[in-house]
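Structural features, examined
Spelled out, the chains give:
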Amino acid sequence: MFSMKSTKLKVILGLLLGSAILGWSSTTRAFEGTKKVVQQVEAGNCQGSTELTYRSQQLRSPDGNSVAYYNATIRRVGQRGDRQFGSYCNPVGRETPVIEMVVESGAGTRRISSDPADEAYVISNPISFSPDSRYIVLEHDGVFDGGEIVTFYGILDSQNGYRLSSVSPCPSSFAFYQGFVSASEILFLCDGRFRSWEVFNLQRGSTRGVSQQYVNSAGKPQSYGTVVSEFTVVKKQVFPPR
């Protein structure tokens, strides 16, 4: 089992209030979109404070009946004496005071708030619906010291109060979302000391290991839903040093 810093655990536990944690991935992936957003907060104003409000990509369900997205605010609170080191400020003063998921449908608007993260930026996006539009797959990038990015996933069940019991694929390695391989199964790549594969079953709420042969025969994993609006910076405020 790999270890994680207490700040990462704190962010993950806070997000449990808004979604079920399914796994986390390492920093080996490219996170260019997240890095660009973070650098708007970190660059050029280390001794002052910068606050940025974003709206995630808006994802329409396959049946066309609902749209899911995040509204959130990330903030860096600077102090006199803070310095720029490369693309990031030091010491860090990162926080995410607002993390709210919004689901708009014919039945009304559902707002799902998560606890604030006081030692990290959190960039969240809905990345897929299930084929039947019932479940929503969420991706969260947590940005920590030195720009380190840890990605973790969640799933909301629209027919169960937008909640799901916590299930963790790849308990001994990093989890990478691949997509749906059937109407109710999501494939994760487990990348640690050894590479393996696990499938999370939405209906059973459980995971199982699968072979490379299964992955090859399952066909290309799919994500569902239509992006109707891209990730947007809604507002940015810059404050001078205190």
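Quick caveat, the model's predicted, so the values are computed rather than measured.

So, the sheet that holds strand β13 (residues 185–191)
Taken together, four strands build an open sheet; the order of strands is β12-β13-β14-β15 and the sheet is antiparallel. Only two strands of the sheet have a single partner each, and these edge strands are β12 (174–182) and β15 (206–210). Averaged over all pairs of adjacent strands, the angle between their axes in this sheet comes to 30°, without regard to strand direction. Judged from the five bridges that link them, strand β14 (residues 195–201) and β15 form a sheet pairing that is antiparallel.

Let's talk about the pattern of salt bridges
Within this structure, the stated rule accounts for eight salt bridges. One salt bridge connects E42 with R94, and the closest N-O pair in it is separated by 2.8 Å. Within this pair, whereas E42 is found in helix α2 (residues 32–42), its partner R94 is found in strand β7 (residues 94–105), the two being separated by 52 residues in sequence. The residue D157 makes a salt bridge to R134 at a minimum N-O spacing of 2.8 Å. Within this pair, whereas D157 is found in strand β11 (residues 149–157), its partner R134 is found in the loop between β9 (121–129) and β10 (135–143), the two being separated by 23 residues in sequence.

Regarding the pairing of β10
Of all nine residues making up β10, nine are buried, and the element is well covered by its neighbours. Burial along β10 is two-sided: the face carrying Y135, V137, E139, D141 and V143 and the face carrying I136, L138, H140 and G142 are both buried. As defined by bridge partners, β9 adjoins β10 across eight bridges and the pair is classed as antiparallel. Residue pairing in the sheet places V122 in a bridge with G142 of β10.

Looking at α2
An α-helical segment advances 3.6 residues per turn. Residues three or four places apart therefore align on the same side. Among the residues of α2, those classed as buried are T34, V37, V38, V41 and E42. Buried residues of α2 fall within an arc of 135° about the axis and therefore sit on the same side. In α2, the exposed positions that point more than 90 degrees away from the buried face belong to G33 and K36. Among the residues trailing α2, G44 stands out with phi positive, at a value near 80°.

Here we look at unusual backbone geometry
For the bond running from N90 to P91, omega is 0°, close enough to zero to count as cis. Structurally, P91 can be placed in the loop between β6 (88–90) and β7. Notably, S133 is not glycine yet its phi reads approximately 75°, a positive angle. Structurally, S133 is set in the loop between β9 and β10.

Comments concerning the packing of aromatic side chains
All told, the structure shown has five aromatic pairs when counted by the stated rule. Ring centres of Y153 and Y177 lie 6.2 Å apart, and the angle between their planes is 40°; on these two criteria the pair is classed as tilted. With a gap of 24 residues between them, Y153 in strand β11 and Y177 in strand β12 connect regions that are remote in the sequence. Like Y177, Y153 is buried. Ring geometry for F180 and Y224: centres 5.8 Å apart, planes at 70°, overall edge-to-face. One end of the pair, F180, is in strand β12; the other, Y224, is in the loop between α3 (212–218) and β16 (226–229), with 44 residues separating them in the sequence.

What about the state of the cysteines?
A complete count under the given rule lists two disulfides for this structure. Between the sulfur of C46 and that of C89 lies a disulfide, 2.1 Å long from S to S. Residues C46 and C89 are joined by a disulfide whose S-S torsion is about -85°; by sign, that bridge is left-handed. In this pair, C46 sits in the loop between α2 and β2 (49–55) while C89 sits in strand β6, placing the two residues 43 residues apart along the sequence. By the burial criterion, C46 is buried, and C89 matches it. Between the sulfur atoms of C170 and its disulfide mate C190 the distance is 2.0 Å. Where C170 bonds to C190 through sulfur, the torsion about that S-S bond is close to -70°, and the disulfide is left-handed. You can see C170 sitting in the loop between β11 and β12 and its partner C190 sitting in strand β13, a full 20 residues away along the chain. The exposure class assigned to C190 is buried, which follows from its relative accessible area of 1%. Each disulfide of the protein chain joins two cysteines, and with those cysteines numbered along the sequence the arrangement is 1-2, 3-4.

Rules of the game
- The residue count restarts for each chain, going from 1 along the sequence in the order it is written.
- Totals for whole chains, interfaces and linings use every residue, but because this is a predicted model, local features are given only for residues with pLDDT of at least 70 and side-chain atom pairs only at 80 or more, for both listing and counting.
- Heavy atoms from the whole structure form the basis of all side-chain values; hydrogens and water molecules are not counted.
- Two strands make a pair as long as DSSP finds a minimum of two bridges between them.
- Secondary structure follows DSSP: runs of H or I at least 4 residues long count as helices, runs of E at least 2 residues long count as strands, and numbering of each begins at the N terminus.
- Fitted lines through C-alpha atoms give the axes, limited to the stretch in contact for helices. The angle between two N-to-C directions lies from 0 to 180 degrees.
- Throughout this description, the term salt bridge denotes a Lys or Arg side-chain nitrogen within 4 Å of a carboxyl oxygen of Asp or Glu.
- For each residue, the accessible area found with a 1.4 Å probe, counting protein chains only, is set against the maximum for its type, and the residue is called buried under 20%, exposed over 50%, and partly exposed in between.
- In this description, the arc belongs to the directions extending from the helix axis to the C-beta atoms.
- Two rings belonging to Phe, Tyr or Trp (six-membered ring only in the last case) form a pair when the distance between their centres is within 6.5 Å. Interplanar angles under 30 degrees mark stacking, angles over 60 mark edge-to-face geometry, and anything in between is tilted.
- By disulfide we mean two sulfur atoms from cysteines, separated by a distance within 2.5 Å.

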